Amino acid sequence: MDVFIDLKQRLIALDWGDSNVMTYAREIFLDYKADQTKPFEQFPVKKNETYSRYEICTVAEKFNLVLNVWKPNSSNPVHDHSGAKYLFKVLKGSLTDEHYEFDHHKPIGQRLEKKSAVTLGLNGVYPGVDFTGYHKIFNQSATEEAISLNLYRPPLWKCSVIDSITEEPRPQLMAFANSNYEANANTLAQ
Ligand SMILES: N[C@@H](CS(=O)O)C(=O)O
Ligand SMILES: [Fe+2]
C-alpha cells in the first residue's frame with residue numbers, strides 16, 4: 001500500500017520552477033494527515049541504526065521526499081543540506097529541530113552556536129521554507145519512536161556533517177534503507 005500516493009501526486013503537480021514552490025508545498029504538507037492505522041510498519045528502523053531514511057519519491061532537479069524513522073532518544077548529527085531547502089511533517093510522535101550557526105574560525109567547542117529550536121507534535125509541520133543552514137533533528141522521547149516526512153528542494157543526496165569531536169565538516173552521501181522503493185515519481189508519471 002502506498003500511503004503517500006495522493007501527497008506525491010499533489011507535489012509532482014506543482015511548478016518546481018516557481019520560487020515560491022516550497023510555500024505551496026508547505027500548504028500541501030499541512031493538508032496531509034497521518035493515517036494512524038499503522039501504515040508505517042513497512043518502514044522499520046534498520047538494525048544498527050538510530051534512525052533510518054526511506055526514499056519515498058525523487059524527481060530529478062526538483063525535489064525528493066524522504067521518510068525518516070527515529071528510535072526513542074535519537075538524533076542526527078548537526079549537518080547542512082548542500083543548499084537544499086527543506087520542510088518536514090511529524091507523522092508519529094514528536095520531533096525537535098535545532099538550528100545552528102557554524103563558524104569554522106572559532107575554537108573547537110565554540111564553533112556551533114544554537115540559534116533556534118522548534119518542537120513539533122503529531123501532524124506538526126516545520127514552520128519555515130527558506131532555511132539552508134546547519135541543523136539537527138531529534139526525538140526526545142525515551143519510549144516512543146518518531147516519524148517525519150521530509151521534503152527537499154532540490155533533491156538531497158549529500159550533505160556536510162559537523163564531526164562532533166573535530167568540529168570539521170565531513171561530506172556524507174545519503175544512504176536509503178530501501179534501495180528500490182516501488183512507487184517513485186517515474187512510475188507515477190507513466
Ligand atoms: N537529512 C537528514 C534528515 S533532516 O535533518 O533533514 C538526514 O538524513 O539525517
Ligand atoms: Fe537535515
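This structure is a prediction, so every number in the text was calculated from the model and none was measured.

1. Looking at the coordination of the iron ion (ligand 2)
Part 1: For the iron ion (ligand 2), every protein donor is listed as His79 (NE2), His81 (NE2) and His135 (NE2), and the spread of their distances is 2.0 Å.
Part 2: Taken together, the six donor atoms surrounding the iron ion (ligand 2) define angles of 32 to 155 degrees at the centre, an arrangement classified as irregular.
Part 3: For the iron ion (ligand 2), the single-chain donor residues occur in sequence as H-x1-H-x53-H. Of this pair, His79 sits in the loop between β3 (74–75) and β4 (85–92) while His135 is found in strand β7 (residues 134–139), placing the two residues 56 residues apart along the sequence. No difference in accessibility class separates His79 from His135, as the two residues are buried.

2. Things to note about the sheet that holds β7
Part 1: Judged by pairing direction, the sheet is antiparallel, and its four strands sit side by side in the order β3-β7-β5-β6 without closing on themselves. In this open sheet, the two edge strands, each paired with only one partner strand, are β3 and β6 (112–120).
Part 2: Taken together, the five bridges between strand β5 (residues 95–102) and β7 define a ladder with antiparallel strand orientation. Directly across from Thr96, in β7, lies its bridge partner Phe138.

3. Quick word on the pairing of strand β8 (residues 146–153)
Part 1: In terms of burial, β8 is a largely internal element, eight of the eight residues being buried.
Part 2: Alternating residues of β8 divide into Ala146, Ser148, Asn150 and Tyr152 and Ile147, Leu149, Leu151 and Arg153, and every residue in both groups is buried.
Part 3: Bridging between strand β2 (residues 63–70) and β8 involves seven bridges; their strand directions are antiparallel. Across the sheet, residue Leu67 finds its bridge partner in β8, namely Leu149.

4. Considerations on the site of ligand 1
Part 1: With respect to spatial proximity, the complete set of residues near ligand 1 consists of Tyr51, Arg53, Asn68, Asn76, His79, His81, His135, Ile137, Asn150, Tyr152, Leu156 and Met174.
Part 2: At 3.0 Å, a side-chain N or O of His79 approaches an oxygen atom of ligand 1.
Part 3: In the environment of ligand 1, an oxygen atom lies 3.0 Å from a nitrogen or oxygen atom belonging to the side chain of His135.
Part 4: Contact with the protein chains covers 98% of the free accessible surface of ligand 1, which is 270 Å².

5. Things to note about the sheet that holds β2
Part 1: Judged by pairing direction, the sheet is antiparallel, and its four strands sit side by side in the order β1-β2-β8-β4 without closing on themselves. The strands lining the two open edges of the sheet, one partner per strand, are β1 (51–59) and β4. Averaged over all pairs of adjacent strands, the angle between strand axes in this sheet comes to 20 degrees, irrespective of strand direction.
Part 2: The sheet strands contacting helix α1 (residues 5–12) are β1, β2 and β8, and the helix crosses β2 at an angle near 150 degrees.
Part 3: Relative to the sheet, helix α2 (residues 21–31) contacts β2, β4 and β8, its axis offset from that of β4 by approximately 5 degrees.

6. Examining the packing of aromatic side chains
Geometrically, a pair of aromatic rings is defined through the distance of the ring centres and the angle of the planes.
Part 1: Evaluated as defined, the whole model comprises 11 aromatic pairs.
Part 2: Grouping aromatic residues by their ring pairs yields a cluster made of Phe4, Tyr32, Phe40, Phe43 and Tyr54.
Part 3: The side chain of Lys136 reaches across the aromatic face of Phe138, ending 5.4 Å from its centre.

7. A look at the environment of Gly124
Part 1: Counting through the fold element by element, Gly124 comes out in the loop between β6 and β7.
Part 2: For the pair Gly124 and Lys89, spaced 35 residues apart in sequence, the C-alpha separation works out to 5.6 Å.
Part 3: Leaving out residues up to four positions away in the same chain, Gly124 has contacts with Phe88, Lys89 and Val90.

8. Details of the UniProt feature "binding site: Fe cation" (unreviewed entry) in the protein
Part 1: The sites that carry the UniProt feature "binding site: Fe cation" (unreviewed entry) are, in the present numbering, His79, His81 and His135. These annotated residues cover 57 residues of sequence, but their C-alpha atoms sit close together, with the largest distance between any two at 8.9 Å.
Part 2: Here His79 falls in the buried class, since its relative accessible area comes to 6%.
Part 3: Dropping the residues within four chain positions of it, His79 is found in contact with Gly133, Tyr134, His135, Lys136, Cys159, Ser160 and Val161.
Part 4: Within the structure, His79 has its side chain in polar contact with the backbone oxygen of Pro77 (distance 2.8 Å).
Part 5: Assessed through its relative accessible area of 2%, His135 is described here as buried.
Part 6: Beyond its immediate sequence surroundings of up to four residues, His135 is in contact with Pro77, Val78, His79, His81, Tyr86, Asp97, Glu98, His99 and Tyr100.

Conventions used here
Residues numbered from 1 in each chain as written. Chains lettered and ligands numbered in written order. Predicted model: local features only at pLDDT ≥ 70, side-chain atom pairs only at ≥ 80, totals over all residues. Heavy atoms only, no water. Donors = N, O, S within 2.8 Å, 3.2 Å for Na, K, Ca; no water. Tetrahedral: all angles 85-135°; square planar, octahedral: opposite > 155°, others 65-115°. Helix = DSSP H or I, 4+ residues; strand = E, 2+ residues; numbered from the N terminus. Buried < 20%, exposed > 50% of the residue type's maximum accessible area, 1.4 Å probe, protein only. Pairing = 2+ DSSP bridges. Near = heavy atom within 4 Å. Polar contact = N/O pair within 3.5 Å; in protein donor to acceptor, adjacent residues only side chain to side chain. Areas by Shrake-Rupley, 256 points an atom, 1.4 Å probe, with all protein chains shown as cover. Axes fitted to C-alpha atoms, helices over the stretch in contact; angles between N-to-C directions. Contact = heavy atoms within 4.5 Å. Phe/Tyr/Trp six-rings, centres within 6.5 Å; stacked < 30°, edge-to-face > 60°. Lys NZ or Arg CZ within 6 Å of the ring centre and 35° of its normal. UniProt positions renumbered as here; feature names shortened; annotations may be inferred.

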